[in-house]
Amino acid sequence: MLSLEHIKKTFHPGTVNEKCAMRDLSLHLKEGDFATIIGSNGAGKSTMLNAIAGSFYVDEGSIFLNGKNITFEEEYKRSRMIGRLFQDPLKGTAPHMTIEENLALAYLRASRGSIPFSRISKRDKAFFKEQLSLLEMGLEDRMKQPVGILSGGQRQALTLLMATLVPPKLLLLDEHTAALDPGTAEKVLDLTRKIVEKNHITCLMVTHNMQQALELGNRTLMMDDGNIVLDVEGQERMDMTVSALLEKFRIGAGKALDNDRILLS
Amino acid sequence: MLYVMQTALELGFMYALVAMALFLSYRVLDIADLTTDGGFVLGAAVSVTVAAMGHPFFAVFAALLAGAAAGFVTAFLQTRLGVPSILAGIVTNTGLYTVNLMVMGWSSNVSLLKQETLFTMLRDTGVGGSWYKLLLAAGVTIVAGILLVWFLGTRLGLSIRATGDNRDMVKASSINPVFTISVGLCVSNALTALSGAIVGQYQKSADINSGAGIVVIGLACLIIGETIFGRRSVGRNVIAAVAGSIVYRFLYAVILKTSIVPIECLKLMTAVVVALAIAAPALKEWSAFQKRKLAARQKGGR
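How each quantity is defined
- Residues numbered from 1 in each chain as written.
- Chains lettered and ligands numbered in written order.
- Predicted model: local features only at pLDDT ≥ 70, side-chain atom pairs only at ≥ 80, totals over all residues.
- Heavy atoms only, no water.
- Axes fitted to C-alpha atoms, helices over the stretch in contact; angles between N-to-C directions.
- Helix = DSSP H or I, 4+ residues; strand = E, 2+ residues; numbered from the N terminus.
- Parallel < 35°, antiparallel > 145°, perpendicular 65-115°, else oblique.
- Contact = heavy atoms within 4.5 Å.
- Nonpolar A, V, L, I, M, F, W, Y, C, P; charged D, E, K, R; others polar.
- Phe/Tyr/Trp six-rings, centres within 6.5 Å; stacked < 30°, edge-to-face > 60°.
- Buried < 20%, exposed > 50% of the residue type's maximum accessible area, 1.4 Å probe, protein only.
- Lys NZ or Arg CZ within 6 Å of the ring centre and 35° of its normal.
- Buried area = accessible area lost by both parts, 1.4 Å probe.
- Salt bridge = Lys/Arg side-chain N within 4 Å of Asp/Glu carboxyl O.
- Polar contact = N/O pair within 3.5 Å; in protein donor to acceptor, adjacent residues only side chain to side chain.
- Expected span 1.5 Å × (residues − 1).
- Bend = angle between axes of the 7 residues up to and from the residue.
- Pairing = 2+ DSSP bridges.

Caption draft 1: Looking closely at the packing of helix H5 (residues 152-164) of chain A against helix H6 (residues 182-199) of chain A. All names here are of chain A. It is at 10 Å that the axes of H5 and H6 come closest, and there the two elements cross at 10 degrees. What the angle tells us is that H5 and H6 run roughly parallel. Where H5 approaches H6, its residues Gly153, Gln156, Ala157, Leu160 and Thr164 are matched on the opposing element by Thr184, Val188, Leu191, Thr192 and Ile195. Of the residues that constitute the contact of H5 with H6, the class distribution is 5 nonpolar, 5 polar and no charged.

Spelled out as structure tokens, the structure:
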């Protein structure tokens, strides 16, 4: 499904700010895999997601999605197959456009990709309304309002809906609940789980919550210094506790997990 | 008096196309596109020159194409070659001066003498009576406005709006900003050229300097309209651009007739009004902060 083969990336090469963000990183995800990613500060978690999404081109190695080599494909072309959510809820929606227009944009691009002058129909609007009601935030009655007046949690839930309205092949979640208050975060996370399960979307999720990293999905990856140092799934993962995971990390990385935002419970 | 009002309405409708173009570039795409001045003259020059050859209809389409091409050059400079967007417009605008002279046969103005224009053709059919000029000006602008609103509701139009509204979102969606900015600037400059094309045939002449300050006047129209109609939806914004343009031309006519202000000062006044209107949020913030400081000083007794 998704294969990263020996990818490397160095930022600002040849300067004092030179930073090797990924060194010889390889990863294989099967169809329907839902992997959580944890790691120290600057371990390269976001860098890996950005490399997959195409925010930059990797220096070495190749990336395959669905059997297709996308190493040198432009970001906007990849995003036809890849849905993305960021930590900042303001990044995923257009604030001066209405909820309906935002959904229309996401829907028209994904469903009728090649017709530039396509418009949404009454039936599409009914579909949006039905999908919005699944968020249980009352947004279905506010379709004509600009997105800018929604709360961060509402915007993030809307972004999630937009990214999955037409299910993508791969969903990249970069701490997408980290900037929300605990209640809202719980809700958005719950929605994520439901939507991903229902559509069998292959998913990569960066989190700093250790418990979440073990409970959500079917695989847990730990990263350190530009590499994946631990990869657990199946029975081993089910039996794993947070403290055992930390111990494993210490052995794998040769040092203790260092992340000032990590949540152990 | 009726004649003055009629003329003001005609000019208001024709120049409203520039305000619409600026709505698209400045408000929707969030790009200050300074191709406008040269683009307007380009439209007039192409339109009058082609009409002089006896093709007043084709003249308008040629002007639209020419305008779109100018917009494409500006877009190419900023999206592909990394020229800052304001500078890209200025560079194109400067180049257009020569292009415009060339279009007019290396002369600083061209006139239509006996040749037909869209206006004379409509007059000869008898439709609209003595209001035929207004009918044509309003007709073109209203059709262009309806098409613009329709266009901004399509997939491509929504993508263009998103490009101006949230670059981060665009990066993560399957929108290619290079494409949307290019299309947006092509459409916007085609509208500007359309305005020039209609005005050129209306005045039966094109002049190399007729575009000076058009961009600021267009912005003034847009801001006047937005103050009256608000900025809530695309439809309202387009209506605001047209209404603002008409109001501006009425003010212009009143000033011209009554000489409250010497007419030579009008460009300066327009510039001041536009500067103040765009500065309004910053001025409001500044005055609120001063009030806040004053209040704190009184409270603190110092």
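Caption draft 2: Structural detail: the packing of aromatic side chains. Tallied over the entire structure, the rule returns 10 aromatic pairs over all chains. Note on Tyr107 of chain A and Phe127 of chain A: the rings are 5.5 Å apart at their centroids and 45 degrees apart in plane angle, and the pair reads as tilted. Of the two residues, Tyr107 of chain A is situated in helix H3 (residues 99-111) and Phe127 of chain A in helix H4 (residues 122-133); the sequence distance between them amounts to 20 residues. For the pair Phe127 of chain A and Phe128 of chain A, a centre-to-centre distance of 6.3 Å together with 50 degrees between the ring planes defines the contact as tilted. When its relative accessible area of 24% is taken as the criterion, Phe127 of chain A is described as partly exposed. Taken together through their ring pairs, the aromatic side chains of Tyr107, Phe127 and Phe128 of chain A make up a single cluster. We note Lys91 of chain A situated over the ring of Phe86 of chain A; from NZ or CZ to the ring centre the distance is 5.2 Å. The ring of Tyr15 of chain B is capped by Arg249 of chain B, whose NZ or CZ atom sits 4.0 Å from the centre of that ring.

Caption draft 3: Local environment of the interface of chain B and chain A. On the chain A side, the residues contacting the 20 residues of chain B number 29 residues. Where chain B abuts chain A, roughly 2300 Å² becomes buried across the two surfaces, and 56% of that area is made up of carbon and sulfur atoms. Summed over the three residues of chain B that lose the most area to chain A, namely Arg155, Asp165 and Ser174 of chain B, the buried surface amounts to 32% of that side. The tally of links between chain B and chain A comes to 1 salt bridge. Across the pair Glu101 of chain A and Arg161 of chain B runs a salt bridge, and its minimum N-O distance is 3.0 Å. On inspection of chain B and its partner chain A, the count reaches 10 residue pairs in polar contact (both at pLDDT 80 or more). Counting residues per element, the ones that place at least two in the side of chain B that touches chain A are helix H6 (132-151), helix H7 (155-165) and helix H8 (167-172) of chain B. With 7 residues, H7 of chain B is the single largest residue contributor to the side of chain B that touches chain A. Broken down by class, the residue content of the side of chain B that touches chain A amounts to 8 nonpolar, 7 polar and 5 charged.

Caption draft 4: Just helix H12 (residues 266-300) of chain B, in detail. All names here are of chain B. Taking 1.5 Å of rise per residue, 35 residues should cover 51 Å, and H12 covers 47 Å from first to last C-alpha, within 8% of that figure. Where H12 bends most, the angle comes to about 55 degrees, and this point is Ala280, followed within four residues by the proline Pro281. Buried positions along H12 lie against helix H10 (214-229) and helix H11 (234-258).

Caption draft 5: How the structure looks around the pairing of strand S3 (residues 34-39) of chain A. Residues and elements named next belong to chain A. Extensive coverage of S3 is indicated by the burial of 6 of its 6 residues. Residue alternation in S3 divides its side chains into two sets, Phe34, Thr36 and Ile38 and Ala35, Ile37 and Gly39, and both sets are buried. Relative to strand S8 (residues 202-206), S3 runs parallel, the two sharing 4 bridges. Considered in S8, the bridge of Ile37 is made with Val206. Pairing of S3 with strand S9 (residues 219-224) involves 5 bridges; the strand directions are parallel. Bridge pairing in S9 links Ile37 to Leu221.

Caption draft 6: Expanded view of the pairing of strand S10 (residues 227-233) of chain A. All names here are of chain A. Where S9 and S10 come together, 6 bridges link them in antiparallel fashion. Directly across from Thr220, in S10, lies its bridge partner Val232. Count of turn residues in the S9/S10 antiparallel hairpin: 2 residues, of which Asp225 carries a positive phi of about 50 degrees.

Caption draft 7: The arrangement of the sheet that holds strand S2 (residues 19-29) of chain A in detail. All names here are of chain A. One open sheet holds the 4 strands; their spatial order is S2-S1-S4-S5, and the pairing between them is antiparallel. With partners counted over all chains shown, the strands left at the sheet margins are S2 and strand S5 (68-69), one partner each. Pairing of strand S4 (residues 60-65) with S5 involves 2 bridges; the strand directions are antiparallel. Paired with Phe64 across the two strands is Asn69, which belongs to S5. Helix-sheet contacts for helix H1 (residues 45-53) involve strand S1 (2-11), S2 and S4, and the interaxial angle to S2 is about 65 degrees.

Caption draft 8: Representation of the pattern of salt bridges within the structure. Tallied over the entire structure, the rule returns 19 salt bridges over all chains. Arg27 of chain B is the partner of Glu226 of chain B in a salt bridge, and the nearest nitrogen-oxygen pair spans 2.8 Å. Separated by 199 residues along the polypeptide, Glu226 of chain B in helix H10 and Arg27 of chain B in helix H1 (residues 2-28) bring together distant segments of the chain. Taking the relative accessible area as the measure of exposure, Arg27 of chain B reaches 27% and is therefore partly exposed. A salt bridge links Asp124 of chain B to Arg123 of chain B, with the shortest nitrogen-to-oxygen separation between them at 3.5 Å. The exposure class assigned to Asp124 of chain B is exposed, which follows from its relative accessible area of 52%. Each of the salt bridges in this network shares a partner with another, and the network as a whole consists of Lys30, Asp33, Arg219, Asp231 and Glu233 of chain A.

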